[in-house]
Amino acid sequence: MQVRGTLEQLRRVLTPFVLLTLGIGGASAQSAADDTATDAAKRPAHVQVLAFRNGEILNQGSGVVVAEGAVLTSLHLSDRAEQLVVRSASGVEVVGTLIDSIAGSDLALLRATGVDAAPAQLALSTPSEGAGDITGFWRDSEPDRRSTFGRVPRFVAARVEDVSAKNILFQNGVILGNTGRGAYGAPVYDGCRDVLAVVRAAPGSTRRDVWDNHTLGPRISFATIDDLTNLAERSGVPVTVAEKSCATRLAEAAAQEEAEQEEARLQAERERDAERRAREAAEAERDAAQEEAEKAEETAEAAQQERDEAIEETTDALEQVESDLTEVQDQAEKLGTWVWIAGAAAALLALLASVVAMRRRADRAHAEQTLEAVTARFDDCLFEGQTSDGTPVALRISGKDLLQEVDGISIGRNPENSEAILTDESVGRRHARIFVENDVLLLVDLDSTNGTSVNGQKLIPHEAFELVDGDAIEFGGVRVTLRLV
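This write-up is about the structure you can find in this document.

How each quantity is defined
- Residues numbered from 1 in each chain as written.
- Predicted model: local features only at pLDDT ≥ 70, side-chain atom pairs only at ≥ 80, totals over all residues.
- Heavy atoms only, no water.
- Disulfide = S-S within 2.5 Å.
- Helix = DSSP H or I, 4+ residues; strand = E, 2+ residues; numbered from the N terminus.
- Buried < 20%, exposed > 50% of the residue type's maximum accessible area, 1.4 Å probe, protein only.
- Polar contact = N/O pair within 3.5 Å; in protein donor to acceptor, adjacent residues only side chain to side chain.
- Pairing = 2+ DSSP bridges.
- Core = buried A, V, L, I, M, F, W, Y, C linked by side-chain atoms within 4.5 Å.
- Contact = heavy atoms within 4.5 Å.
- Axes fitted to C-alpha atoms, helices over the stretch in contact; angles between N-to-C directions.
- Patch = residues over 30% accessible without salt bridge, like charges linked within 9 Å, V, L, I, M, F, W, Y side chains within 5 Å.
- Areas by Shrake-Rupley, 256 points an atom, 1.4 Å probe, with all protein chains shown as cover.
- Salt bridge = Lys/Arg side-chain N within 4 Å of Asp/Glu carboxyl O.
- Lys, Arg positive; Asp, Glu negative; His and termini not counted.
- Charge placed at Lys NZ, Arg CZ, Asp CG, Glu CD.
- Arc of directions from axis to C-beta.

This part is about the state of the cysteines. Evaluated as defined, the whole model comprises one disulfide. Here C192 engages in a disulfide with C246; their sulfurs sit 2.2 Å apart. Disulfide C192-C246: torsion about the S-S bond near 85°, hence right-handed. Of this pair, C192 sits in the loop between β12 (187-189) and β13 (195-200) while C246 sits in helix α6 (residues 246-335), and the two are 54 residues apart along the sequence. Classification of C192 as buried rests on a relative accessible area of 3%. Using a relative accessible area of 4% as the deciding quantity, one classes C246 as buried.

Shown next as structure tokens:
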């Protein structure tokens, strides 16, 4: 009862510290294990070690593969055995032969060629106290045998089909826990699935101590990383040792995940800002288009009013002519010179009619030209790309300006020579000219030093080239794509 109370007290004290520093059982530990041991999940390193004598299983325990065909296990499992067999978690069995051992550490290194297991990585070191998972092959309940003191569990050596795992605490070379006897030789994994230690018999244990009992607890020992690496190096077996502790790797993984989450958050904010700016630009463009449409409508109404006023003036002039003719006719009758008066009147009437017709045609043409000028519209030209040094660039030329400017818009580096500015040393001061003719968008290179190309075709200076939406254009070293918006 006193031992059990001490165990529970130690577990309550150490568990929060261990879980915080090693991440045992946490999501971060599982994530790190998944990233670094994908193959180990399918072909786990822990194996079963079977000792045979006279064709029957004499002893049974566990082991761990630390290199291709190399297994670390508890040395006493081979005691009195004629043959050793290593059985992987998948059930594949191969013969094991003893390579080397350290009797004082109850540690043995077996050669098991062809064992179906992915080698485990050894931890950087075995801490003086901590926690881990014993993973091996044992059974929690066995047949009983009768004795003077009642029913006592006994160990029966046999193949164990299922892997067992138990979270334990260890301190000062002692494992604080209890498992089945088959856990001798089992690896103790940390939160990153690195091998912290290998379960062994407690120092000073006799054959009876390790053979008679059904269980290993409550106080069993383990071989440290120093023991494991010394045996492997002495035997010439190449093992892999972690470069950093599990706690350090978990902390780095958590920091990287936090950085990635922060970058994702910033990227989401940038995307939201870009969407907001795009919406605002679209709204501004719609407002500008609506304003232009309203102005065009007002201009058309003014032109119509001017045309109506011209017609009204012409009608008044005709009425005045008719009145003048009537007065002339009356005077001609009085004077008796009817023929002369009629001829003069006819000539005057023809002259006035011609003047009125010319005035109507001129007014109508002027009104139509005015209406066409104010209602004409052409898409804006948006050039997006990058300068010769990779800096993003965007240039927008209004379609309205293209229609109103007779000679079009000049594109260049110098604001004094060009209306549309591209700030790049490879662009000439007055590099090219863009204009609209018969509703067709045209581009002319103005004999620039570095030339102008459209879709890879270099333009002949002073010869117009038709542009369409999506064309790739190079003004010297500035590469842009045309979009009509």
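Here we come to the environment of S90. Topologically, S90 is positioned in the loop between β4 (83-87) and β5 (93-102). Overall, S90 belongs to the partly exposed group, its relative accessible area being 49%. Through-space distance from the C-alpha of S90 to that of R43 is 7.6 Å; in sequence the pair is 47 residues apart. Here S88 takes part through its side chain, which lies 2.9 Å from a polar atom of the side chain of S90. Here the side chain of S90 touches D116 through a polar contact of 2.7 Å, side chain to side chain.

What you see with strand β17 (residues 409-412) is no split at all: I409 and I411 on one side and S410 and G412 on the other are buried throughout. Two strands pair when backbone bridges link them, and β17 and strand β19 (residues 432-437) are joined in this way by three bridges, in the antiparallel orientation. Within the sheet, the bridge partner assigned to I411 lies in β19 and is A432.

On to the nonpolar core, then. Formed by 51 residues in total, the largest nonpolar core has its most connected members in V64, I134, V199 and L228. Broken down by element, this core gets its largest block of residues, five residues, from β13. Beyond its immediate sequence surroundings of up to four residues, V199 is in contact with S74, I134, I175, A183, Y184, G185, A186, V188, L216, I220, S221 and F222. Ranked by size, the runner-up nonpolar core spans 25 residues in total, among them L395, I397, A420 and V427.

In this section: the side chain of R249. The topology assignment puts R249 in helix α6. Within the structure, R249 has its side chain in polar contact with the side chain of D194 (distance 2.5 Å). Excluding residues that lie within four positions of it along the chain, R249 makes contacts with Q121, C192, D194, A242 and K244.

A separate point is the sheet that holds strand β21 (residues 452-454). Strands belonging to one sheet form pairs held by backbone hydrogen bonds; the direction of such a pair is parallel or antiparallel. Within the open sheet, the six strands sit side by side as β16-β15-β25-β24-β21-β22. Their pairing is antiparallel. Single-partner strands in this sheet number two, and they are β16 (392-397) and β22 (457-458).

Around the barrel, which closes on itself, the six strands sit in the order β1-β2-β3-β6-β5-β4 with antiparallel pairing between neighbours. Across the sheet, the mean angle from the axis of one strand to that of its neighbour is 40°, orientation sign disregarded.

Turning next to a negative patch on the surface. On the surface, E306, D308, E309, E312, D316, E319 and E322 cluster together into a patch of negative charge. Looking at D316, the relative accessible area reads 42%, which means it is partly exposed.

Glancing now at helix α5 (residues 225-235). Along α5, the residues that are buried comprise I225, L228, T229, L231 and A232. The buried side chains of α5 occupy one side of the element, clustering within an arc of 160° when seen end-on. Of the exposed residues in α5, the ones pointing more than 90 degrees away from its buried face are D226, E233 and R234. Note on α5: the residue one or two positions beyond its end, G236, has a positive phi of about 75°.

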